[in-house]
Amino acid sequence: MRILQINSSQRRAASQSTRLATRLVERLRDVDPEATVFVRDLAADPHPVLDEAALGALFTPAAQRTIEQAQRVALDDALIDELKAADIVVLGVPMYNFGVPAQLKNWIDAISRAGVTFRYTANGPEGLVTGKKVYVAVTRGGLYRNTPADTQVPYLKTVFGFLGMTDVHFVYAEGLAMGAESEARALAAAHEQIEEAVAA
Ligand SMILES: Cc1cc2nc3c(=O)[nH]c(=O)nc-3n(C[C@H](O)[C@H](O)[C@H](O)COP(=O)(O)O)c2cc1C
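Quick look at the structure, then. (Residues numbered from 1 in each chain as written. Predicted model: local features only at pLDDT ≥ 70, side-chain atom pairs only at ≥ 80, totals over all residues. Heavy atoms only, no water.)

### Things to note about the site of the ligand
- As a structural note, the neighbourhood of the ligand is formed by 16 residues, with Ser9, Arg11, Ser15, Gln16 and Ser17 the closest of them.
- At 2.7 Å, a side-chain N or O of Ser9 approaches an oxygen atom of the ligand.
- Gly141 is positioned with one of its backbone polar atoms (N or O) 3.0 Å from a nitrogen atom of the ligand.
- Across the complex, the protein chains shield 73% of the 630 Å² of accessible surface that the ligand would expose by itself.
- Along the lines of polarity and charge, the residues of the shell around the ligand split into 6 nonpolar, 8 polar and 2 charged. (Near = heavy atom within 4 Å. Polar contact = N/O pair within 3.5 Å; in protein donor to acceptor, adjacent residues only side chain to side chain. Areas by Shrake-Rupley, 256 points an atom, 1.4 Å probe, with all protein chains shown as cover. Nonpolar A, V, L, I, M, F, W, Y, C, P; charged D, E, K, R; others polar.)

### Observations concerning the layout of surface pockets
- Roughly 210 Å³ of volume is contained in the largest pocket.
- Every residue along the wall of the largest pocket is listed here: Leu50, Leu55, Leu58, Phe59, Asp76, Ile108, Asp109, Ala110, Ser112, Arg113 and Ala114.
- Contributions of two or more residues to the lining of the largest pocket are made by helix H2 (52-58) and helix H4 (102-111).
- Take the lining of the largest pocket: its biggest share by element is 3 residues, from H4.
- Looking at side-chain class alone, the lining of the largest pocket contains 7 nonpolar, 1 polar and 3 charged residues. (1 Å grid on protein atoms, 1.4 Å probe; cavity = no way out; pocket = protein on both sides within 12 Å on 5 of 7 lines; lining within 4 Å. Points joined across faces, edges and corners; volume = space filled by probe spheres on them. Helix = DSSP H or I, 4+ residues; strand = E, 2+ residues; numbered from the N terminus.)

### What to know about the pairing of strand S7 (residues 167-173)
- Counting buried residues along S7, 6 of its 7 residues qualify, which places the element largely inside the surrounding structure.
- In terms of strand pairing, strand S6 (residues 133-139) meets S7 through 7 bridges, oriented parallel. Paired with Tyr135 across the two strands is His169, which belongs to S7.
- Chirality of the crossover, the property in question, places the unit of S6, helix H5 (residues 152-163) and S7 among those that are right-handed. (Buried < 20%, exposed > 50% of the residue type's maximum accessible area, 1.4 Å probe, protein only. Pairing = 2+ DSSP bridges. Right-handed = clockwise from strand over helix to strand, strands pointing away.)

### Thoughts on the nonpolar core
- Counting residues in each nonpolar core, the largest one holds 30 residues, and the members touching the most others are Leu91, Leu104, Trp107, Val136, Leu156 and Phe160.
- In contact with Phe160, other than residues within four places in its own chain, are Leu91, Trp107, Val134, Val136, Met165 and Val168.
- The next biggest cluster of nonpolar side chains, apart from the first, holds 20 residues, and it includes Leu24, Ala173, Ala186 and Ile194. (Core = buried A, V, L, I, M, F, W, Y, C linked by side-chain atoms within 4.5 Å. Contact = heavy atoms within 4.5 Å.)

### Looking at the pattern of salt bridges
- The tally for this structure, following the rule as stated, stands at 12 salt bridges.
- Ionic pairing is found between Glu195 and Arg23, a salt bridge with its closest N-O pair at 3.9 Å. Of the two residues, Glu195 is situated in helix H6 (residues 180-199) and Arg23 in helix H1 (residues 16-31); the sequence distance between them amounts to 172 residues.
- When the shortest N-O distance is used, the salt bridge between Asp76 and Arg72 registers 2.8 Å. Note that Asp76 and Arg72 are positioned in helix H3 (residues 67-85) at a spacing of 4 residues, about one turn of the helix.
- Classification of Asp76 as buried rests on a relative accessible area of 2%. (Salt bridge = Lys/Arg side-chain N within 4 Å of Asp/Glu carboxyl O.)

### Examining unusual backbone geometry
- With a phi close to 50°, Asn97 is a non-glycine residue in the positive phi region.
- Among the secondary structure elements, Asn97 is positioned in the loop between strand S3 (88-94) and H4.
- Judged by its relative accessible area of 76%, Asn97 falls in the exposed class.

### Describing the pairing of S6
- In terms of burial, S6 is a largely internal element, 6 of the 7 residues being buried.
- Sheet topology note: the S3/S6 ladder contains 7 bridges and is parallel. Each residue of the ladder has a partner; that of Gly92, found in S6, is Ala137.

Just geometry here; none of it tells us what the structure is for.
Laid out in structure tokens, this is it:
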């Protein structure tokens, strides 16, 4: 069993989402002590943005790429290989300005590759990253669960589903900026949700 942990908070030391993701991984390893863990920390190791040069590299046939283009594509390849090798993916995702952190978007842009992680067929799109369980710990200063302002959860469900990952569990820690009591309640609730998710 291989677990891939993706940390997307840009607060490396004090991050609540990283702590919750780490807790999820610990509990998954309690269930399967043989499980190996690979941590991809997008704060320590930010992935480059999908810019014009990157698009040019991706759309150039491999044999015709310059060294720089091949190096750029190889960075994305590494993330795709990590994802494909994993049986379980655990993400820590803070809300930043009503969306996911830009670094997580860069990771999603890197792993979404036509013909490799999804393809279009006569019946529509088909995700090629199948057979994985995904756990996402989302953290927010305010309260947005099940409201139209929660763009993160529908977005992540859509993009993971598109790539073939349909078994996705969300753990919420909300109201973290609404005072000490609210924060303590939110974290206790998140730990309960972790237990439920791991037992499911
Ligand atoms: C740049 C930035 C933007 C944020 N935007 C929002 C927001 O739109 N809504 C919200 O509820 N909380 C927002 N927050 C609060 C964070 O979601 C909250 O503090 C969360 O716990 C941060 O995750 P972390 O502890 O893993 O770093 C923001 C925090 C930062 C640093």
